Amino acid sequence: MNWLAGLIRSLMLLIVLLCASNHSYAQQRFPKPEFKTEYTQPVPEHPAPRSPALEFLDLAILVLVMSLTAWVAIRRRSRYGILILTIFSLFYFGFYKQGCICSVGSIQNVALALADPTYRLPLVALLVFLLPLIFSLFFGRVFCAAACPLGAIQDLIIFKPINLPVWLRKSLSILPWTYLGLAVLFATTGTDFIICRYDPFIGIYRLNGKFIMILLGIAFLLMGLFVARPYCRFICPYGALLSLTSRFSKWHLSIYPTSCVQCKLCTTACPFEAIDFPDSEQTKPEPRTQTRRFLTFAALIPVLIAVGMFIGSLSHVFLSRANSTVYLAELLIAHPELRSDPLNLDIQTFLASGQTLETLTEDAATIREKFRIGAMILGGFLGLVIGLTALNQLIFRRKEDYQANRADCYSCARCLDYCPVDKTIAHG
Amino acid sequence: MDRKKFITNVGRYSILGALLFITGQIFFKRRVSASGQYVWQIDPMKCTQCGRCATECIKTPSAVKCVHAYDLCGYCDLCGGYFKPNTMDLNTGAENQLCPTGAIQRKFVEEPFFEYAIDEKLCNGCGKCVKGCTSFGNGSLHLQIRHDLCDNCNQCAIARVCPSDAIKRVPIENPYLIKGAFTS
Amino acid sequence: MNKKVLYVFLILLAGLIAVLVYTDHRSTQLDKRPDNPYAYDISEFEKVDPAMIHYSETRNIRLGKDKARGISWFDNHIYLVTENNLQVISQEGQQESKMTLTGRPNCIQVVKSGIFIGFDNLVSLYNFEGQLIRSYLSESDSSHFTSVAFLEGLVAVADAGQRVLLLFNEDGTLIRKIYGKRESEDLHGFIVPSFYFDVAFTPDGELWVVNPGMHALENYTTDGNLRSHWAKPSMDISGFSGCCNPAHMAILPDGFFVTAEKGLVRVKEYKPSGELSSVVAPPSSFETGKTAPDLAVTSAGEILALDFDRNSIRIFEKKDQHGS
């Protein structure tokens, strides 16, 4: 009988809608006057939005900047060139375009497009998501080097960068993946676009913003004086994706053109600790212990995934509260006395809308279920990431020279200026 | 070396394949708008004049302005959106006006009709006049997002807190939803 | 710079960032959002101090499918015009007789001489047997008669279409057209933006007409001269809100005015001087933002309000001194 109930409900809705629309067609309270004098009614103007063609122009400029960065970093081998491009991006993508729409945030748009049938993803958003990833598959993280406005401001503010211990760097490396997972979870459930909301530098680029946001930006910049590119290294979710894709890049910035003289000047230059040390500096473990360690950790991965899924499912209630529908439902159920609070606009609007608490609770339950599944996937995914990161540390890779770590290196080309081999070649 | 290169190549093309798959899914499910952007729009029928358009917009002053649908206006002497409710003298004194910034210009047309025009440079999008007009008048005043001012954020800060979910993304072809165009 | 100090500084910054993010998230949750600094509380106007309400609704009569158009009371009977007929109803609500009309009536006034029914361009006078005695015709095609009043041989007809008050002799001849003039220089006449324009006689024989655009009630001599007037443009309970109110008016046997407004719907009683005497029915008694009820009064001082939205006759009686 469900279909019958549904039919009746639709009919009633139709009748209500007809009556409601009749009201708007009905006589106004105060009818429009018939003017006796020569009065011309003003025609208000409605200014048009920015032309969509300009968005594609911005995209073209992005491609141009990334291409130039790749050429400068790999072929031309000049820090100066990268610096010029970085400053350009600071002003164009930063202060002029005010950072919107950016590749970092586009993750959310793409995620929403996959999850929500009513959402239409603009082509520009899709391209701004794909292009830096595709470029990184061939040239490394050229987007981070000189195109991303978030990276540009952090890169230019580096003052006295410190070295962080390896264990700290590796543990913090889980944060970007966590942020990525949370951003996707919140975007697909229609809760919020948290990457956009907590973008620290947007207040600075807009030269305007809530006090908290400006303070956040200043905090990051202060941190950026001493810890190079803190957002890029430890928070940026797009950076997590780029660190993955960049590992498989066909070409990449290489520190020395022919052979390394082991002078370590490049490691002094690199503020991001993105240069790998060669073999001879590290103790080479025995193959058998290595294999045993590897197998142990490999076996540990499913356990980590399971634990992650478990923690995820435990936390889904907490996470779902970020969603306003869920929060409202919880609030009204837990505090029914708030219904009579005239100052709470959201509750009063809800009560006036005619929607019942039952339907709200149903919607909230649906969303919470999405959170449960999403949080479990997120937890398992993070368990996998932790396992793989630990495993990665254990794998011994034969390195003879100092090399840029493909995952971490932003192709900023600071090392190129320091490398003496380079200079020798340049000056014959 | 060869094995490493092989793995790198496999990895690269797998990732490209995954990206292609995601793109394909999006196109296949018809969730791409090829024409371009979406812009934010206020539905004046859902608006509850909560005042958040003035306080939450990331721009100062807000990109939301009051718009007047003259077709619906009654041109009343005692305008519900212009005058404070306890006004005795119907003149343009600042103490009589609802608008906190004095953005409504009252102009005499003919007895007893007055034209009320919004000066957008002064309007802060608070919706007080909209509330007055909707409650006591015809509801010809309503709030709209002005697209020469709006930055078109990925997630509208006002939409996030709108109590009646009146702000939605719409195709760029029809950015405004002006009253009068669809009522009467 | 001392490394330890730097580390502490960095840890503090990281903590600050976490606190800022949490604070921002919390401050936008539903129950923590700040109040509206631009709040305009209009519920003030729908609330009326109960001490000001001296009437209570004692009964109401539901009308059937016929949509009512106007109401009048005479000699213990209620006379109602609907879309196409005239109905006589007892005070208890029993339909006593019904008569079909040609044309769509706008208003009705029943006196000893008979039943005056106003249509768009004419007023028909019927006797109590239902026979048409006489018609009072408009000279123009764009007339829209909205109210009829009768006293001592004079028939006053309010024409909202032409914005004029017509005075006829009882025999049907047009004596005078009153356009309404003010004592001051700007002679603008009756301002009638919508089809609500009421006229009534006091028991003493004074001719009072509503000037809706000016939110005023005006008293004219039969010569067409303005004798007195009072105006109250205000959204406050003591005044008339919107652009054209009061929509309907009636006069009680003691000479007090009863007014009904549209938009912010309320029925009030005024002293002849224009001072608010009491509220008959506050906005909360009516559907919000809708039509003003048509009014009729009984010889006992009861007020009949014809509620168009609910299609019923609502009867209000003055509360006794102890507020029953």
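Just so it is clear, the structure is predicted and the values come from calculations on it, not from any experiment. (Residues numbered from 1 in each chain as written. Chains lettered and ligands numbered in written order. Predicted model: local features only at pLDDT ≥ 70, side-chain atom pairs only at ≥ 80, totals over all residues. Heavy atoms only, no water.)

1. Comments concerning the domain arrangement of chain C
To keep things clear, this is the line we draw: Here the bounds of each domain stem from an automatic or database domain assignment.
For chain C, the assigned domains read domain 1 (1-34) and domain 2 (46-321). Using C-alpha coordinates to define each centre, domain 1 of chain C is positioned 68 Å away from domain 2 of chain C.

2. Some remarks on the confidence of the model for chain A
Residue and element names in this part refer to chain A. Filter applied, for reference: The predictor reports its confidence for every residue as pLDDT, a score running from 0 up to 100. Elements are defined by DSSP. Helices are runs of H or I of four residues or more, strands are runs of E of two residues or more, and each kind is numbered from the N terminus. Only heavy atoms matter for contacts: two residues are in contact if any of them lie within 4.5 Å across the pair.
Averaged over every residue, the pLDDT of chain A is 86; residues scoring 70 or more account for 89%. Confidence scores differ between elements of chain A, with helix 1 (residues 2-25) showing the lowest mean pLDDT of 48 and helix 9 (residues 174-188) the highest of 96. A low-confidence stretch, residues 12-27 (pLDDT under 50), is modelled with 5 contacts involving residues beyond four sequence positions or located in other chains.

3. Things to note about the pairing of strand 18 (residues 248-251) of chain C
Residue and element names in this part refer to chain C. Condition: The buried label goes to any residue with under 20% of its type's maximum accessible area, the exposed label to any with over 50%, and the partly exposed label to all in between, with areas taken from a 1.4 Å probe on protein chains only. Note on pairing: two strands pair once DSSP finds at least 2 bridges between them.
Here strand 18 shows no split at all, with H248 and A250 on one side and M249 and I251 on the other all buried. Sheet topology note: the strand 18/strand 19 (residues 257-261) ladder contains 4 bridges and is antiparallel. In the sheet register, M249 faces strand 19, and the bridge partner there is T259. Connecting strand 18 to the antiparallel partner strand 19 that follows it, the hairpin turn spans 5 residues, and G255 within it adopts a positive phi of roughly 90°.

4. Brief notes about the interface of chain B and chain A
How we decide: Buried area is understood as the total, over both parts, of accessible area removed when two parts are fitted together, assessed with a 1.4 Å probe. Within this document, salt bridges are pairs made up of a side-chain nitrogen of Lys or Arg and a carboxyl oxygen of Asp or Glu, the two lying within 4 Å of each other. Polar contact is defined as a pair of N or O atoms within 3.5 Å, subject to the rule that within protein one atom must be able to donate a hydrogen and the other to accept it, and that residues adjacent in sequence are counted only when both atoms are side-chain atoms.
Of the residues lining the interface, 68 residues belong to chain B; the matching set on chain A comes to 64 residues. In this assembly, chain B packs against chain A so that about 5,500 Å² is buried in total across both faces, 60% of it on carbon and sulfur atoms. Together, R12, R31 and N154 of chain B form the three largest contributors to the area buried by chain B at its contact with chain A, with a combined 13%. A salt bridge links D192 of chain A to R160 of chain B, with the nearest nitrogen and oxygen atoms 2.8 Å apart. The tally of links between chain B and chain A comes to 14 residue pairs in polar contact (both at pLDDT 80 or more). The set of elements that each furnish at least two residues to the side of chain B that touches chain A consists of helix 1 (2-28), strand 1 (32-33), strand 2 (38-42), strand 3 (64-68), strand 4 (104-110), strand 5 (113-118), helix 3 (128-136) and helix 4 (157-161) of chain B.

5. Things to note about the sheet that holds strand 12 (residues 164-169) of chain C
All names here are of chain C. Which entries qualify depends on this criterion: Angles here are taken between N-to-C directions and fall from 0 to 180 degrees, while the axes themselves are lines fitted to C-alpha atoms, restricted in helices to the stretch in contact.
With antiparallel pairing, 4 strands are arranged side by side in an open sheet as 10-11-12-13. Each edge of the open sheet carries a strand with a single partner, namely strand 10 (145-151) and strand 13 (174-178). Averaged over all adjacent pairs, the angle separating strand axes in this sheet is 20°, with direction ignored. Taken together, the 4 bridges between strand 12 and strand 13 define a ladder with antiparallel strand orientation. The residue bridging F168 from the neighbouring strand is L174, located in strand 13.

6. Looking at the domain arrangement of chain A
All names here are of chain A. Per the domain assignment, the segments of chain A are domain 1 (55-254) and domain 2 (287-392). On a C-alpha basis, the centres of domain 1 and domain 2 stand 26 Å from each other. With both chains or domains summed, domain 1 and domain 2 bury close to 1,100 Å², and 80% of this area falls on carbon and sulfur atoms. Taken together, the links from domain 1 to domain 2 amount to 0 salt bridges. Counting across the domain 1 and domain 2 interface gives 1 residue pair in polar contact (both at pLDDT 80 or more). Examining the composition of the side of domain 1 that touches domain 2, we find that 7 residues originate from one element, helix 9, more than from any other.

7. Remarks on a positive patch on the surface
To keep things clear, this is the line we draw: By definition, no residue in a patch forms a salt bridge, and every one has over 30% relative accessible area; like charges are joined within 9 Å, nonpolar side chains (Val, Leu, Ile, Met, Phe, Trp, Tyr) within 5 Å. For accessible areas, the Shrake-Rupley method is used with a probe of radius 1.4 Å. Any residue's cover is judged against the shown protein chains and nothing else. Under the counting rule used here, the positive set is Lys and Arg, the negative set is Asp and Glu, and His together with the chain ends is not counted. Here the site of a charge means NZ on Lys, CZ on Arg, CG on Asp, or CD on Glu.
Where like charges cluster on the molecular surface, the positive patch consists of R247, R397 and R406 of chain A together with K4 of chain B. Looking at the element boundaries, R406 of chain A is found in the loop between strand 3 (403-404) and helix 20 (414-418). Looking at R406 of chain A, the relative accessible area reads 31%, which means it is partly exposed.

8. Things to note about the pattern of salt bridges
Evaluation of the coordinates by the stated rule reveals 31 salt bridges over all chains. E55 of chain A serves as the salt-bridge partner of K97 of chain A, at 3.6 Å between the closest nitrogen and oxygen. Residue K97 of chain A is found in the loop between helix 3 (79-96) and helix 4 (103-115), and its partner E55 of chain A is found in helix 2 (residues 52-76); the two are separated by 42 residues along the sequence. Across this residue pair, the class does not change: K97 of chain A and E55 of chain A are buried. Through salt bridges with shared partners, one network takes in D192, R197 and K210 of chain A, R160 of chain B together with D24 of chain C.

9. Here we look at the interface of chain B and chain C
Contact residues are listed per partner, giving 30 residues for chain B and 24 residues for chain C. Across the chain B/chain C interface, buried area totals approximately 2,200 Å², and carbon plus sulfur atoms make up 70% of it. In this structure, the connection of chain B to chain C is made through 0 salt bridges. Inspection of the region where chain B meets chain C yields 3 residue pairs in polar contact (both at pLDDT 80 or more). Among the elements of the structure, helix 2 (52-56), helix 3 and helix 4 of chain B are those that each provide at least two residues to the side of chain B that touches chain C.

10. Some details on the sheet that holds strand 1 (residues 55-62) of chain C
Residue and element names in this part refer to chain C. If you trace the 4 strands from one edge of the open sheet to the other, you get 1-24-23-22, paired in antiparallel fashion. The outermost strands of the open sheet, each flanked by one partner alone, are strand 1 and strand 22 (294-297). In this sheet, neighbouring strand axes are inclined to one another by 25° on average, regardless of whether the strands run parallel or antiparallel. Bridging between strand 23 (residues 303-307) and strand 24 (residues 312-318) involves 5 bridges; their strand directions are antiparallel. By the bridge assignment for strand 24, I303 is matched with F316.

11. A look at the confidence of the model for chain C
Averaged over chain C, the pLDDT score is 86; the fraction of residues at 70 or greater is 95%. The ipTM for the predicted assembly is 0.89, set against a pTM of 0.81.

12. With respect to a nonpolar patch on the surface
A cluster of nonpolar residues, L300, V303, V307, F310, I311 and L314 of chain A, forms a patch on the protein surface that exposes about 560 Å² of accessible area. Taking relative accessible area as the criterion, V303 of chain A reaches 45% and is therefore assigned partly exposed.

13. Notes on helix 5 (residues 123-139) of chain A
Residues and elements named next belong to chain A. Applicable threshold: In this scheme, a helix's expected span is set at 1.5 Å multiplied by one less than its residue total.
Taking 1.5 Å per residue, 17 residues should reach 24 Å; helix 5 reaches 24 Å between its end C-alpha atoms and fits that length. Within helix 5, 13 of the 17 residues are buried, which leaves the element mostly enclosed by the surrounding structure. Looking one or two places after helix 5, you find G140, whose phi comes out positive at around 90°.

14. What to know about the environment of F27 of chain B
With respect to the helices, strands and loops of the structure, F27 of chain B is situated in helix 1. According to the relative accessible area criterion, F27 of chain B is partly exposed, its value standing at 45%. When residues no more than four places from it in sequence are discounted, the contact partners of F27 of chain B are L123 and L126 of chain A together with V32 of chain B.

15. Digging into the side chain of D24 of chain C
Along the chain, the position of D24 of chain C falls in helix 1 (residues 3-27). Side-chain polar atoms of D24 of chain C contact the side chain of K210 of chain A, separated by 3.0 Å.

16. Let's talk about the packing of aromatic side chains
All names here are of chain C. Our working definition: The criterion for an aromatic pair is that two Phe, Tyr or Trp rings (for Trp, the six-membered ring) have centres within 6.5 Å, with stacked assigned to planes under 30 degrees apart, edge-to-face to planes over 60 apart and tilted to the rest. Comment: the charge-over-ring label is applied if NZ (Lys) or CZ (Arg) is within 6 Å of the ring centre and within 35 degrees of the ring normal.
Throughout the structure, instances matching the rule amount to 35 aromatic pairs over all chains. Taking the centre distance of 5.6 Å and the plane angle of 70° together, the rings of F190 and Y220 count as edge-to-face. Note that F190 is positioned in the loop between strand 13 and strand 14 (199-201) and Y220 in strand 16 (residues 216-220), a separation of 30 residues in sequence. The buried category is assigned to F190, whose relative accessible area is 4%. For Y220, a relative accessible area of 2% gives the class buried. Among the aromatic side chains, those forming a connected cluster through ring pairs are W208, W230, F240, F257 and Y270. Looking at R314, its charged tip hangs above the ring of F286, at a distance of 5.0 Å from the centre.

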